[in-house]
Every structure is written in C-alpha cells, then in structure tokens.
Amino acid sequence: MQARILLFGPQGSGKGTQGEKLAEWLSLPLVVTGNIFRHNIKEQTELGKLAQEFINKGELVPDEVTNRMIGERLMQDDCKAGFILDGFPRNVVQAEALDSYTQITHLLHIEISDTEAIRRIAQRRTCTAQGHVYHLTYNPPKHAGICDEDSSPLEQRKDDTEEALQKRLEIYHSETEPILQHYQPSKVVYTINGEQSIETVWQEVQKIFTS
Ligand code: AMP
C-alpha cells in the first residue's frame, strides 16, 4: 500500500505495539526514531554519543540532528513505496521538515490520559535487541524477562523513570500536540481511543485502512 503514516500519541499509548502490527499487515517499513537513537547509543556511534544526554534526561534531541537522521533513513529504497513513522515529528519544526520532503497520508492519533500513561510506563519492558515492547500485566512475554520475537533480554528503559517520564509528557503536551493542528487542514488525522484493549485498538486501526 502506498501510505506514509505517522503514529502519534503520548508515551505508553501503544504506538509501538500497533506500529509493529501495522507494518506487518501493510508490508511497510517501520521507522522508530527512539529505537534508532537507542541502537546508536548502544554502539556508541557519533550520533549515539550526541543523543544520549538528551534522551536520558527525557529531553528532545536537537532538531537538526534528528531531521538529518530521518532524512537519510527515508531516502533509503525500502521507504520509496511508503513508510510508518513512530516518534517523528515531535514538534512543528520537524513536521515542516517532513512536509518539505513528502506528503503524509495518515496521522493515527492514539489518545490516552497522563494518568494512564504513567500507569503503563511503570510496567513497560523493552527488548534490548530490537525494541519490541511488553507490558508486565497486559502484554507479558511468554517467558519472564525474555523477548518472544528474538530471545534477547528485556529491560526497563533509562528514560522510563518517573522524573524523565514527567518531562517527556510535558514536552508531548507543549511541543508535540500542536502538530495535530498543523495536519488538521489536510484531513489526514484519525483519532483512536487508546484506553481500550490492544485487540480493539488494532481493529480500529485496520478499519481506517479498509473503509
Ligand atoms: P521514544 O522511544 O519515542 O519515547 O523516544 C525516546 C527519546 O528519544 C525521546 O525522549 C527523545 O529524547 C528522543 N527522540 C525520539 N524521537 C525524537 C524526535 N523526533 N526528536 C527529538 N528527539 C527524539
């Protein structure tokens, strides 16, 4: 499918989980900025060294660094027929940079309250190899502490502490949410109630692409 999709929502809204399903269903590459940064931090590349301080504090990595990284990723061949972006854009400057490169076809806005975000993130565990996400109660791995997909160990992210999460939610409301108004006129915004089961949210996501 020729679609250029943005996954949009606060921390813990289920973007990662729905993104993995959607990428498989539509056979589109899933580009997750947080995972690209975390991979670079693990490998201690120049980009990783630059980004890690910002990430651990829950702040945004500077726009020029992020925009360049995404620009290079979207130029790759696998993104030519479409892509799903999770974690980008995070502010209006980044949205404008993306618009100058391509036109978005869908923005899936998965809505949850801050109370629910905090409750979910406390129990979130992430796979160290590829960033697959689990929730200890709602979406546990088959074997405790081990990723179902690639058998790598699961960990709690450094920026999933209460302090960093508060900062990330603040940034979400002040800098990221205005992107919704930015895309409203182009009629690409679809809002879904994220405080439902993973399966129900997934059915609603599928409906957007089949109706
Ligand atoms: P996430 O996994 O999407 O929660 O991202 C983790 C962290 O990576 C964020 O808190 C930021 O520090 C950084 N990050 C991810 N995407 C972006 C972006 N589009 N712009 C700036 N920083 C980002």
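Below: a short report on this structure.

Rules and cut-offs
- Residues numbered from 1 in each chain as written.
- Predicted model: local features only at pLDDT ≥ 70, side-chain atom pairs only at ≥ 80, totals over all residues.
- Heavy atoms only, no water.
- Pairing = 2+ DSSP bridges.
- Helix = DSSP H or I, 4+ residues; strand = E, 2+ residues; numbered from the N terminus.
- Contact = heavy atoms within 4.5 Å.
- Axes fitted to C-alpha atoms, helices over the stretch in contact; angles between N-to-C directions.
- Buried < 20%, exposed > 50% of the residue type's maximum accessible area, 1.4 Å probe, protein only.
- Arc of directions from axis to C-beta.
- Polar contact = N/O pair within 3.5 Å; in protein donor to acceptor, adjacent residues only side chain to side chain.
- Salt bridge = Lys/Arg side-chain N within 4 Å of Asp/Glu carboxyl O.
- Near = heavy atom within 4 Å.
- Areas by Shrake-Rupley, 256 points an atom, 1.4 Å probe, with all protein chains shown as cover.

1. Some details on the sheet that holds strand 5 (residues 124-127)
Reasoning step 1: Across the sheet, which stays open at both edges, the 3 strands sit in the order 6-5-7 with antiparallel pairing between neighbours. At either end of the open sheet lies a strand with only one pairing partner, and these are strand 6 (133-135) and strand 7 (154-155).
Reasoning step 2: Where strand 5 lies against strand 7, 2 bridges are found, and the strand directions are antiparallel. Counterpart to Cys127 in the pairing with strand 7 is Leu154.
Reasoning step 3: Each of strand 5 and strand 6 is contacted by helix 6 (residues 114-122), which is oriented at about 55° to strand 5, the strand it contacts most.

2. Focus: helix 5 (residues 92-101)
Reasoning step 1: Of the residues making up helix 5, those classed as buried are Gln94, Ala95 and Leu98. The buried residues of helix 5 all sit within an arc of 100° when viewed along its axis, so they share a single face.
Reasoning step 2: Where the residues of helix 5 are buried, they touch strand 1 (3-8), helix 4 (63-74), strand 3 (82-86) and helix 8 (178-183).
Reasoning step 3: Capping of helix 5 at its N-terminal end is provided by Asn91; its side-chain oxygen lies 3.3 Å from the backbone amide nitrogen of Val93.

3. Some details on the pattern of salt bridges
Reasoning step 1: Applying the stated rule across the entire model yields 11 salt bridges.
Reasoning step 2: The closest approach of N and O atoms between Asp159 and Arg157, which form a salt bridge, is 3.0 Å. Taken as a pair, Asp159 and Arg157 share a single burial class, namely buried.
Reasoning step 3: Between Asp160 and Arg168 there is a salt bridge; the shortest N-O distance is 3.1 Å.
Reasoning step 4: Using a relative accessible area of 6% as the deciding quantity, one classes Asp160 as buried.

4. Quick notes on the site of the ligand
Reasoning step 1: As a structural note, the neighbourhood of the ligand is formed by 16 residues, with Thr33, Glu59, Val61, Gly87 and Gln94 the closest of them.
Reasoning step 2: Within the backbone of Glu59, a nitrogen or oxygen atom sits 2.5 Å from an oxygen atom of the ligand.
Reasoning step 3: Take Val61: an N or O atom from its main chain is 3.0 Å from a nitrogen atom of the ligand.
Reasoning step 4: In the complex, 96% of the free accessible area of the ligand, which totals 480 Å², lies under the protein chains.
Reasoning step 5: No other element matches the 4 residues that helix 2 (residues 33-42) contributes to the shell around the ligand.

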